[in-house]
Amino acid sequence: MQQHESLYRVSYADTDKMGRVYYANYLVICERARTEFLRDVGYPYRRMETEGFFFPVRQCSVRYFGWAEYDDLLVCRSSISRMRHATLTIATEISRSGEDKTLVVGEVELACVNADGKPPVLPEALREAVKGYVKG
């Protein structure tokens with residue numbers, strides 16, 4: 001199984017008054033990693049819209065192990081933890097560049113819906129694009 005890797009430089013806006021990334025902003029960083037992952041496998045949101053499906057977030061969570069600080073370069077490693085009928089779950093592990101310590105593990109479950117708001121089966125082309133990143 002492959003992992004998609006993207007980098008993110010912590011901005012001042014991502015931090016609290018002590019200069020550390022706070023819990024809610026890790027959710028935002030996981031969202032950015034998810035967007036980069038889908039874009040890099042050939043499924044940016046514009047393509048999804050053109051093909052008539054969308055991926056609203058059904059649920060998301062992060063498990064916090066440590067903080068990042070202003071100007072840290074973060075490494076976000078993403079993979080598919082679950083792929084079912086009409087849902088795709090992307091897991092992301094975040095660490096500081098050059099370090100092995102995991103700061104956060106996040107998971108975003110996306111519900112595939114068509115323009116009518118109904119849950120179609122995940123498109124075969126999308127399944128094929130991400131198949132190398134599926135755990136298990």
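Residues numbered from 1 in each chain as written. Predicted model: local features only at pLDDT ≥ 70, side-chain atom pairs only at ≥ 80, totals over all residues. Heavy atoms only, no water.

### Comments concerning a nonpolar patch on the surface
Turning to step 1, where the next piece is worked out: A surface patch of nonpolar side chains, amounting to about 320 Å² of accessible area, comprises Tyr23, Tyr64 and Trp67.
Turning to step 2, where the next piece is worked out: Tracing the sequence through the fold places Tyr64 in strand β3 (residues 57–64).
Turning to step 3, where the next piece is worked out: Among the residues examined, Tyr64 registers a relative accessible area of 38% and is labelled partly exposed. (Patch = residues over 30% accessible without salt bridge, like charges linked within 9 Å, V, L, I, M, F, W, Y side chains within 5 Å. Areas by Shrake-Rupley, 256 points an atom, 1.4 Å probe, with all protein chains shown as cover. Salt bridge = Lys/Arg side-chain N within 4 Å of Asp/Glu carboxyl O. Helix = DSSP H or I, 4+ residues; strand = E, 2+ residues; numbered from the N terminus. Buried < 20%, exposed > 50% of the residue type's maximum accessible area, 1.4 Å probe, protein only.)

### As for the pairing of strand β4 (residues 73–83)
Turning to step 1, where the next piece is worked out: Pairing geometry for strand β1 (residues 4–9) and β4, over six bridges, is antiparallel. Note that in β4 the partner of Glu5 across the bridge is Arg77.
Turning to step 2, where the next piece is worked out: Of the pairings in the sheet, the one linking β4 to strand β5 (residues 87–96) comprises nine bridges and is antiparallel in character. Bridge pairing in β5 links Val75 to Ser95. (Pairing = 2+ DSSP bridges.)

### Description of the pattern of salt bridges
Turning to step 1, where the next piece is worked out: Across all of its chains, the model carries 11 salt bridges by this definition.
Turning to step 2, where the next piece is worked out: Glu5 is the salt-bridge partner of Arg77, the closest N and O atoms lying 3.3 Å from each other. Taken together, the residues Arg77 in strand β4 and Glu5 in strand β1 connect sequence positions 72 residues apart.
Turning to step 3, where the next piece is worked out: Looking at Arg77, the relative accessible area reads 26%, which means it is partly exposed.
Turning to step 4, where the next piece is worked out: Since its relative accessible area comes to 48%, Glu5 is described here as partly exposed.

### Thoughts on unusual backbone geometry
Negative phi values dominate among residues other than glycine, just as trans dominates among peptide bonds.
Turning to step 1, where the next piece is worked out: If you check the backbone angles, Asp71 has positive phi at about 75° while not being a glycine.
Turning to step 2, where the next piece is worked out: Its place among the elements puts Asp71 in the loop between β3 and β4.
Turning to step 3, where the next piece is worked out: Overall, Asp71 belongs to the partly exposed group, its relative accessible area being 41%.

### A few points about the nonpolar core
Soluble, globular proteins show a tendency: their nonpolar side chains are buried together.
Turning to step 1, where the next piece is worked out: Counting residues in each nonpolar core, the largest one holds 17 residues, and the members touching the most others are Phe37, Leu38, Phe53, Phe55, Ile80 and Leu126.
Turning to step 2, where the next piece is worked out: Elements that contribute at least two residues to this core include exactly α1 (23–40), β5, β6 (102–111) and α3 (124–130).
Turning to step 3, where the next piece is worked out: Of all hydrophobic cores here, the second largest spans 14 residues; its members include Val10, Ala33, Ala68 and Leu74. (Core = buried A, V, L, I, M, F, W, Y, C linked by side-chain atoms within 4.5 Å.)

### What about the environment of Val105?
Turning to step 1, where the next piece is worked out: Mapping Val105 onto the fold places it in strand β6.
Turning to step 2, where the next piece is worked out: For Val105, a relative accessible area of 32% gives the class partly exposed.
Turning to step 3, where the next piece is worked out: In sequence terms Val105 and Lys17 are 88 residues apart; their C-alpha atoms lie 23 Å from each other.

### Concerning the sheet that holds β6
As a general point, the strands of a sheet are linked pairwise by backbone hydrogen bonds and lie either parallel or antiparallel.
Turning to step 1, where the next piece is worked out: Pairing within the open sheet is antiparallel, and its five strands lie in the order β1-β4-β5-β6-β3. The open sheet has two free edges, formed respectively by β1 and β3, since each of these has just one partner strand. Sheet twist, expressed as the mean angle between neighbouring strand axes with direction ignored, is 20°.
Turning to step 2, where the next piece is worked out: Where β3 lies against β6, seven bridges are found, and the strand directions are antiparallel. Across the sheet, residue Arg63 finds its bridge partner in β6, namely Val105.
Turning to step 3, where the next piece is worked out: In the packing of α1 onto the sheet, contacts are made with β1, β3, β4, β5 and β6, and the angle to β3 comes to roughly 120°. (Axes fitted to C-alpha atoms, helices over the stretch in contact; angles between N-to-C directions. Contact = heavy atoms within 4.5 Å.)

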